[in-house]
Amino acid sequence: MSGHSGITKTKYRAKQLYHWKRMSKDVRNYVRSCPHCQQYKPRQQKVTAGEYTPHNMSEPWETVAVDLIGPKPSGIKQYKWLLVILDNCTKYVELFPLSTATGAIIASKLHEVGCRHGFPKKIISDNGPQFISKVYNEYCKRMGVKKSLTSPFNPSANPTERANRNLENDASLFFGCPFALAPLLNRFCVRKSNRNFRSNR
């Protein structure tokens, strides 16, 4: 159960392969006593809900959210950044390790995803320099994509923030160390592929 999820998901996955007496209790105790979870996973504290801005969607890949993780310590091929592209409807995530993060590169990766799944009508992102660059703005205008920039004071408005946190937590547990773009990243993404992650390397 290395690199496991929470109690509920770990029990579900374990029951697909195994069965023994007091299985639920054993899994619950294992997850609660896991030293890696205590070190890397944040506390799930309830917070007061802020104003919710709905993102109306009628089909997958109509609205996507993008974000960058990094810069991280260089891994294979000097990758320092991880571009996260999330379909806001299905929560399917595509990952692109990058050595540099520019508006042009992000636009090309969005175009690659669009060719594979369909081009979005709306893209949610923060207002980082890559997402307000001239090249990125021209790409969105040319493709007829509406940009939605989140406030720096409310990063949780970008749906990828939760995906980023889950990704970093799971990767840290998988590697047994703080998340970096290590050579094992592709192996990690393959392992996660049945949980809505796709690696693009």
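Calculation criteria
Residues numbered from 1 in each chain as written. Predicted model: local features only at pLDDT ≥ 70, side-chain atom pairs only at ≥ 80, totals over all residues. Heavy atoms only, no water. Helix = DSSP H or I, 4+ residues; strand = E, 2+ residues; numbered from the N terminus. Buried < 20%, exposed > 50% of the residue type's maximum accessible area, 1.4 Å probe, protein only. Contact = heavy atoms within 4.5 Å. Areas by Shrake-Rupley, 256 points an atom, 1.4 Å probe, with all protein chains shown as cover. Expected span 1.5 Å × (residues − 1). Arc of directions from axis to C-beta. Phe/Tyr/Trp six-rings, centres within 6.5 Å; stacked < 30°, edge-to-face > 60°. Pairing = 2+ DSSP bridges. Core = buried A, V, L, I, M, F, W, Y, C linked by side-chain atoms within 4.5 Å.

Naming follows an unreviewed UniProt entry, where the protein chain appears as RNA-directed DNA polymerase of Strigamia maritima.

Caption draft 1: Local environment of the overall build of the protein chain. Along its length, the protein chain carries 7 helices and 6 strands. Along the protein chain, from the amino end to the carboxyl end, the secondary structure elements read α-α-α-β-β-β-α-β-α-β-α-α-β. For the protein chain, with 201 residues in total, the buried portion stands at 40%. Intrachain contacts of the protein chain at a sequence separation of at least 6 include 59% that bridge at least 24 residues. Accessible surface, the protein chain: about 11,900 Å² in total, of which carbon and sulfur atoms supply 53%.

Caption draft 2: Just helix α4 (residues 103-117), in detail. Counted at 1.5 Å a residue, the expected span for α4 with its 15 residues is 21 Å, and the 21 Å between its end C-alpha atoms agrees. For α4, the complete set of buried residues consists of Gly103, Ile106, Ala107, Leu110, Val113 and Gly114. When α4 is viewed along its axis, its buried side chains cluster within an angular range of 125 degrees and face the same direction. Where α4 is buried, its residues touch β1 (63-69), β2 (81-87), β3 (93-98), β4 (122-125) and α5 (134-143). Trailing α4 by a residue or two, Gly118 shows a phi angle of about 120 degrees, which is positive.

Caption draft 3: Seen up close, the packing of aromatic side chains. Counted by the stated rule, this structure contains 2 aromatic pairs. Where Trp61 meets Tyr92, the ring centres are 6.1 Å apart and the plane angle is 70 degrees; that geometry is what we call edge-to-face. Here Trp61, found in the loop between α3 (35-40) and β1, pairs with Tyr92, found in the loop between β2 and β3; they are 31 residues apart in sequence, far enough to count as distant.

Caption draft 4: Layout of unusual backbone geometry. With phi around 55 degrees, Arg22 is a residue other than glycine that occupies positive phi space. Topologically, Arg22 is positioned in the loop between α1 (7-15) and α2 (23-33). Since its relative accessible area comes to 59%, Arg22 is described here as exposed. Positive phi, close to 65 degrees, is recorded for Trp61, a residue that is not glycine. For Trp61, a relative accessible area of 8% puts it in the buried group.

Caption draft 5: Here's a closer look at the pairing of β3. Counting buried residues in β3 gives 6 out of 6 residues, a clear majority hidden from the surface. In β3, alternate side chains face the same way, and those of Val93, Leu95 and Pro97 on one face and Glu94, Phe96 and Leu98 on the other are all buried. Across 6 bridges, β2 lies against β3 in antiparallel orientation. Looking at β3, one finds that Val84 is bridged to Leu95. Joining the antiparallel neighbours β2 and β3 is a turn of 5 residues, in which Lys91 adopts a positive phi near 65 degrees.

Caption draft 6: Structural context of the nonpolar core. Leu68, Ile85, Leu110, Ile123 and Tyr136 are the most contacted members of the largest nonpolar core, which has 20 residues in total. The element that contributes the greatest number of residues to this core is α4, accounting for 4 residues. Apart from residues no more than four positions distant in its own chain, Leu68 is found in contact with Trp81, Leu82, Leu83, Leu98, Ala101, Ile106, Gln130 and Phe131. One finds Ile69, Leu82, Val84 and Val93 within the second-largest nonpolar core, a separate group that totals 8 residues.

Caption draft 7: Quick look at α2. Those residues of α2 that sit buried are Met23, Val27 and Val31. Angularly, the buried residues of α2 cover 60 degrees about the axis, an arc narrow enough to put them on a single face. Opposite the packed face of α2, turned more than 90 degrees from it, sit the exposed residues Arg32 and Ser33.

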